[in-house]
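Observations on the model geometry
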Amino acid sequence: GRNVVAAHCTKGSTEIEYWQKDNIGYKFLSRKVKGAIEASKPENIYFVWLQGESDAIFSKKKDYYKEKLTALKDALKADFNIEKFGVILVGRFTMDERDLEIINAQKEACEEDADFLMLTTITEELIYKSEYMNPTVKGHYNAKGQDIIGTLAGEILGEYVSEKNS
């Protein structure tokens, strides 16, 4: 029952460091978010995050990633007054313990910090189902997989907003 405006901001093959407050990714992201806020004058601001594959590939540890994720959330909260930082659980690229470092960092952040909201963990299941995966790019979802992920994340965020406003 509400209008939704989304500002899409993405750059493939980036580590979480790229998105930190004083780095180029945050500057790019800030311009997009600021423009969307100015254009739509929203009642509520939420952030949706799906990232971490490159951090797994480069063997970043859980505590490092969780610290950087929290710093990004804190910067966005301070700069744009976001109400929740929604996380779509990262997929698996390395298919070994390096993925688990990032997955566990994201899960812990959502469990320990009320500013985070886990939107979906369906990525843990889809990675093993070839009908949802891009056959030519390992670890990437096809349109069917992305549709499932996006739908579930949107439903969870919608439920959160509905409950908050009721």
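So, here's what we can say about the structure.

By the definition in use, this model includes 14 salt bridges. For Glu112, the salt bridge goes to Lys66, with nearest N and O atoms at 2.9 Å. Of the two residues, Glu112 sits in helix 4 (residues 97–112) while Lys66 sits in helix 3 (residues 62–80), which places them 46 residues apart along the sequence. As a salt-bridge pair, Asp115 and Lys77 come within 2.8 Å of each other at their nearest N and O atoms. Of this pair, Asp115 sits in the loop between helix 4 and strand 3 (116–120) while Lys77 sits in helix 3; the two residues are 38 residues apart in sequence, bridging distant segments of the chain. Using a relative accessible area of 34% as the deciding quantity, one classes Lys77 as partly exposed. Salt bridges sharing common partners tie together Lys73, Asp74, Lys77, Asp113 and Asp115.

This brings us to the pairing of strand 3. Taken across its five residues, strand 3 has four buried, putting it largely inside the fold. In the sheet, strand 2 (residues 84–88) pairs with strand 3 via four bridges, with the strands oriented parallel. Directly across from Phe85, in strand 3, lies its bridge partner Phe116. Read as a crossover between parallel neighbours, the route from strand 2 over helix 4 to strand 3 is right-handed.

Our focus in this paragraph is the packing of aromatic side chains. Applying the stated criterion to the full structure yields seven aromatic pairs. For the ring pair Tyr18 and Trp19, a centre distance of 4.8 Å and an interplane angle of 85° mean the geometry is edge-to-face. Between the aromatic rings of Tyr46 and Tyr160, the centroid separation amounts to 6.1 Å while the plane-to-plane angle is 85°, which identifies the pairing as edge-to-face. Of the two residues, Tyr46 sits in strand 1 (residues 46–49) while Tyr160 sits in helix 6 (residues 143–164), which places them 114 residues apart along the sequence. The exposure class of Tyr46 is buried, given its relative accessible area of 19%. Grouping aromatic residues by their ring pairs yields a cluster made of Tyr18, Trp19, Phe47, Trp49, Phe85 and Phe116. Here the basic side chain of Lys60 rests over the ring of Tyr64, its NZ or CZ set 5.3 Å away from the ring centre.

What counts, and at which threshold
Along each chain, numbering runs from 1 in the same order as the chain's sequence is written. With pLDDT at 70 or above as the cut-off, local features in this predicted model cover only qualifying residues; side-chain atom pairs require 80 or more to be listed or tallied, and sums for whole chains, interfaces and linings still use all residues. Values shown for side chains rest on all heavy atoms present in the structure; no hydrogens or waters enter the calculation. Any carboxyl oxygen of Asp or Glu that lies within 4 Å of a side-chain nitrogen of Lys or Arg is treated as forming a salt bridge with it. Comment: elements are numbered from the N terminus, with helices defined as DSSP H or I runs of at least four residues and strands as E runs of at least two. Throughout this description, buried means an accessible area under 20% of the type-specific maximum (1.4 Å probe, protein chains only), exposed means over 50%, and partly exposed covers the range between. We call two strands paired when DSSP finds no fewer than two bridges between them. Handedness of a crossover is defined as follows: with both strands directed away from the viewer, a clockwise route from the first strand across the helix to the second makes it right-handed. Centres within 6.5 Å are what make two rings of Phe, Tyr or Trp a pair, Trp counting through its six-membered ring; a difference in plane orientation under 30 degrees is then read as stacked, over 60 as edge-to-face, and the rest as tilted. Here, over-ring charges are defined by two tests on the NZ atom of lysine or the CZ atom of arginine: distance to the ring centre within 6 Å, and angle to the ring normal within 35 degrees.

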